[in-house]
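Now for the letters of each chain:
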Amino acid sequence: MTTGYLYHELFGWHDTGTNAGLAPSDPAAGLQPFVHFENAETKRRLHELIVVSGLIDKLERIRPVSATEEQILRVHTPEYLERIKTESALPKGGDAGDGLSPFGRGGYEIAALAAGGVITAVEAVLNGTVDNAYALVRPPGHHAVASSGMGFCIFGNLAIAAKHAREALGVGRIAILDWDVHHGNGTQSVFYDDPDVLTVSLHQDNVFPPNSGAALERGEGEGSGYALNVPLPPGTGDQGYLYAMDSVVVPALRRFRPEIILVASGFDASAMDPLSRQMVTSTGYREMTRRLMDVADEVCGGRIAVSHEGGYSPVYVPFCGLAVMETLSGQPAFGDPVLPIVSGFAGHDLQAHQKQVIDEVAGFVADIA
Ligand SMILES: Cc1nn(C)c(C)c1/N=N/c1ccc(/C=C/C(=O)NO)cc1
Ligand SMILES: [Zn+2]
């Protein structure tokens, strides 16, 4: 099994400042400056664990190539692209649109490298250089919509890569699974009316964006039925996520039969994440990846390309990400010293109210033609 791995130090230089990602510091309101939750550390620590664990020697290193303006414009408006370029040239940079997604000078070039990194990883999988790939990119992308960034995202990295695969490489059906704990609203919006791109989002119910990702968001027009959303209750642990994989994701992929599966891989559903309230452990991520690989082997020659999204625990993101990449590459587990703590939490078993949500969405899978 040849697994491609893409990372670049520039991703650690994306400057998100000290507004914590929630609101600019404001002493009068008691808001002290705080490192932005979407910071370099959570990605750099994952990269360094991949190196220190020795897994890096089992992976095929892929060098990112920056996305071109033409590639970015397949998803984003010219006005938005120009605004990012203009603000990126300023001494203190700018913001992607919601005041929570800042970038420093040169932020455009880094965001273009992130989007291009995902394109590069997808191309390596499609041309057979690697069997599957993980692009550890930053800034993340799954919240970005055509005319604005949001939720720490500047460009829709995976959406741009999927558009490239279809429009430049002639790929037919593409499935995009988003297991980041927040709704993959941006990716969904790009393909909402497209029956050839299936988007499936597993997320904690109504965390971010507000009022986004309900089970009844199922696509529109020609794309009706080709968006699936599983708004999981807070506290959902490994078995809840695995039941969602078995009941919704795998059956949907079997019916849809994509030519490649893309994954928006955030680790903010982990049991140690500060921005959400799920309980997934490295074992949960390992098993989710295993199930995805099994169905990918069935339907699309194992072709999977993964793009890093959120995940804000500097302690646990490394072990969750390592578990995914060990599974993708068929390597044995290095070990997760945090696992005894988080796997011991009560509530990992499938709960009735979680099963109810998942079973409702499972009923929609039959509408995939
Ligand atoms: C502040 C604020 N104010 N209000 C009203 C809302 C709803 C706010 N939440 N902001 C957030 C909360 C979480 C994220 C996570 C992004 C991610 O990890 N995506 O994968 C982004 C923005
Ligand atoms: Zn997230």
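Residues numbered from 1 in each chain as written. Chains lettered and ligands numbered in written order. Predicted model: local features only at pLDDT ≥ 70, side-chain atom pairs only at ≥ 80, totals over all residues. Heavy atoms only, no water.

The subject of this paragraph is the nonpolar core. Counting 111 residues, the largest nonpolar core has F155, L198, L202, L228 and L292 as the members making the most contacts within it. The biggest single contributor to this core is helix α4 (residues 107-126), with 13 residues. Setting aside its immediate chain neighbours within four residues, L292 contacts L177, W179, M245, V249, L253, I261, V263 and I304. (Core = buried A, V, L, I, M, F, W, Y, C linked by side-chain atoms within 4.5 Å. Buried < 20%, exposed > 50% of the residue type's maximum accessible area, 1.4 Å probe, protein only. Helix = DSSP H or I, 4+ residues; strand = E, 2+ residues; numbered from the N terminus. Contact = heavy atoms within 4.5 Å.)

Attention now goes to the pairing of strand β8 (residues 227-232). Summarising burial for β8: 6 of the 6 residues are buried, a large majority. Covered by surrounding structure in β8 are A227, N229 and P231 together with L228, V230 and L232, the residues of both alternating faces. As paired strands, strand β7 (residues 197-204) and β8 are joined by 6 bridges and run parallel to one another. Note that in β8 the partner of V200 across the bridge is L228. (Pairing = 2+ DSSP bridges.)

Our next topic: the environment of G12. Assignment of secondary structure puts G12 in the loop between β1 (3-6) and α1 (40-52). It is 24 Å that separates the C-alpha atoms of G12 and N132, two residues lying 120 residues apart in sequence. Each residue touching G12, except ones within four places of it in the same chain, is listed here: Y7, A40, R44 and R138.

With numbering aligned to this structure, UniProt lists the feature "domain: Histone deacetylase" (unreviewed entry) at residues 36-324. End-to-end, the C-alpha atoms of residues 36-324 are 25 Å apart, and along that stretch the chain is 38% helix and 14% strand. (UniProt positions renumbered as here; feature names shortened; annotations may be inferred.)

A sheet is described by the order of its strands in space; here 8 strands give the open sequence β2-β1-β5-β10-β9-β6-β7-β8, paired in parallel fashion. The strands lining the two open edges of the sheet, one partner per strand, are β2 (59-61) and β8. Within the sheet, the average angular offset between the axes of one strand and its neighbour, ignoring direction, is 15°. Sheet strands in contact with helix α8 (residues 282-300) are β5 (132-135), β6 (174-178), β7, β9 (260-265) and β10 (304-308), and its direction is about 160° off that of β9. Those strands touched by helix α9 (residues 317-329) are β1, β2, β5 and β10, and its axis lies near 160° from that of β5. (Axes fitted to C-alpha atoms, helices over the stretch in contact; angles between N-to-C directions.)

Turning next to the pairing of β5. On β5, burial covers both faces: N132 and Y134 on one face and A133 and A135 on the other are all buried. Note that β1 and β5 share 4 bridges and pair parallel. Paired with G4 across the strands is A133, a residue of β5. Relative to β10, β5 is paired through 4 bridges, and the arrangement is parallel. Bridge pairing in β10 links A133 to A305.

Moving on, we get to the confidence of the model for the protein chain. Mean pLDDT over the protein chain works out to 98, with 100% of the residues at or above the 70 mark. Prediction confidence for the complex, expressed as pTM and ipTM, is 0.98 and 0.96 respectively. (pLDDT = per-residue confidence, 0-100.)

Let us now look at the side chain of H143. Tracing the chain through its elements places H143 in the loop between β5 and α5 (157-167). Polar contacts involving the side chain of H143 include one to the main-chain carbonyl oxygen of H183, which spans 3.3 Å. Residues in contact with H143, not counting those within four places in the same chain, are M150, G151, C153, H182, H183, N185, G186, F208 and P209. (Polar contact = N/O pair within 3.5 Å; in protein donor to acceptor, adjacent residues only side chain to side chain.)

This part is about the site of ligand 1. Looking at ligand 1, the residues that line it are L22, L100, H142, H143, G151, F152, D180, H182, F208, P210, D268 and Y312. Between ligand 1 and H142, the relevant distance is 2.5 Å, taken from an oxygen atom to a side-chain nitrogen or oxygen of the residue. In the environment of ligand 1, an oxygen atom lies 2.9 Å from a nitrogen or oxygen atom belonging to the side chain of D180. Out of a free accessible area of 530 Å², ligand 1 has 72% covered by protein chains. For the shell around ligand 1, a count of residues per class yields 6 nonpolar, 4 polar and 2 charged. (Near = heavy atom within 4 Å. Areas by Shrake-Rupley, 256 points an atom, 1.4 Å probe, with all protein chains shown as cover. Nonpolar A, V, L, I, M, F, W, Y, C, P; charged D, E, K, R; others polar.)

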